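Fold and contact review
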Amino acid sequence: MGIPFFTRTGVAVSEDNDWVVTATVRRWQLTETLRQLREQRGWTMEETVARLERTGGKWSTSKISRIENRQQGVKSFDVERMLDAYEVTDPNTREWVLGLSARAGERGYWLAIRKDLPEDFQQLLHVEATLLAVRQVEMIVVPGLLQNPDYTRVLVNKVNPGLDYEVAERRVLARMARQRILHRPKPLQYHVILDEGVLTRPVGSPSVMRGQLARLVDAAESAHIVIQVLPSSLGASPAVEGSFSINTLPEPIPDFGYAESPGGAMYIEDRGHVRGLVEKWGSLTGLALSPADSLDVIRAAGDTVG
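Now for a look at the structure at hand.

Observations regarding the packing of aromatic side chains
- Applying the stated criterion across every chain, the model contains 2 aromatic pairs.
- With 6.1 Å between their ring centres and 55° between their planes, Trp-43 and Tyr-86 make a pair best called tilted. A residue pair is termed long-range when its members are at least 10 positions apart, and Trp-43 in the loop between helix 1 (23-41) and helix 2 (45-53) and Tyr-86 in the loop between helix 4 (76-85) and helix 5 (91-103) qualify at 43 residues. Of the two residues, Trp-43 and Tyr-86, both sit in the buried class.
- Ring plane angle 55° and centroid distance 5.2 Å describe the contact between Tyr-258 and Tyr-267, whose orientation is recorded as tilted.
- Given the relative accessible area of 7%, Tyr-258 is considered buried.

Below, the structure written as structure tokens:
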């Protein structure tokens, strides 16, 4: 049976991708669902506290706010009280929400590799295994999910000069492990816009580049991966501000943005800012070459290496 949840419009839907849901995403689903249930009642925070106090326990507006904003954990018995206060009687919904609470502490595969990745990247790693779709713009290098080991190895060592050999190799293995989301039974729906310069910027030897471009050709021929090339002749475009991605998690979690800079990783959850990224993305899909023409450009770049 599918798992019931509340969409952004409040309509119950099903999602059968639970096998890949990480503990972090379960917590996000749980808190977002609790927020939506409260808002659907139309109650103020003060009214909510008054109703929750009738079910037992200590409640305050700050406690509810911290729970909904993922700043505080919530115990299963408090989740049950919240469901009672919000008058949730549907047994499937109650079972699903309480199940999220019970399983929010389970450990995922990422715990084995997170020590080998930069600290500010780890929040994305916590949720990456659960992503349903990613829309990405990359202006500098091939995205990590599409890199082959040799290309990754060159990047890791060039970006981190002096890095210990064993640490560097573990980072290469960790990046390859992340790519399992492209090969699971229900693979990630991945749409990438690459600046044309990514295809011609030498990373390692000509043989490394030929291998990486061949990897891109293979990826572009997959049904769940779309690659578009942004031609260098285009000049200025919304992409000049830099690389970013728009990430889709299971309902009811809203899409969030992600970007990297020399100052570290940036997670974008403000709804207005995310809408801005979506608008920028829409514009870039129209400016970029079609997937078929892009594939021709990638093949031609591979033929001219070295």
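From this point on, the discussion continues.
Section: the pairing of strand 7 (residues 256-261)
- Where strand 6 (residues 244-248) lies against strand 7, 3 bridges are found, and the strand directions are antiparallel. The residue bridging Asn-247 from the neighbouring strand is Phe-256, located in strand 7.
- Across 5 bridges, the pairing between strand 7 and strand 8 (residues 264-268) is antiparallel. Residue Gly-257 lies in a different strand from strand 8, and its bridge partner there is Ile-268.
- Following strand 7, the chain reverses through 2 residues before pairing antiparallel with strand 8.

Points about the pattern of salt bridges
- Tallying each qualifying case throughout the model produces 16 salt bridges.
- One salt bridge in this structure joins Glu-241 and Lys-280, with 2.5 Å as the shortest N-O distance. Residue Glu-241 is found in the loop between strand 5 (225-230) and strand 6, and its partner Lys-280 is found in helix 11 (residues 271-287); the two are separated by 39 residues along the sequence.
- Three or more residues are tied together by salt bridges with common partners; here these are Glu-32, Arg-35, Glu-39 and Arg-271.

Calculation notes
Residues numbered from 1 in each chain as written. Predicted model: local features only at pLDDT ≥ 70, side-chain atom pairs only at ≥ 80, totals over all residues. Heavy atoms only, no water. Phe/Tyr/Trp six-rings, centres within 6.5 Å; stacked < 30°, edge-to-face > 60°. Helix = DSSP H or I, 4+ residues; strand = E, 2+ residues; numbered from the N terminus. Buried < 20%, exposed > 50% of the residue type's maximum accessible area, 1.4 Å probe, protein only. Pairing = 2+ DSSP bridges. Salt bridge = Lys/Arg side-chain N within 4 Å of Asp/Glu carboxyl O.

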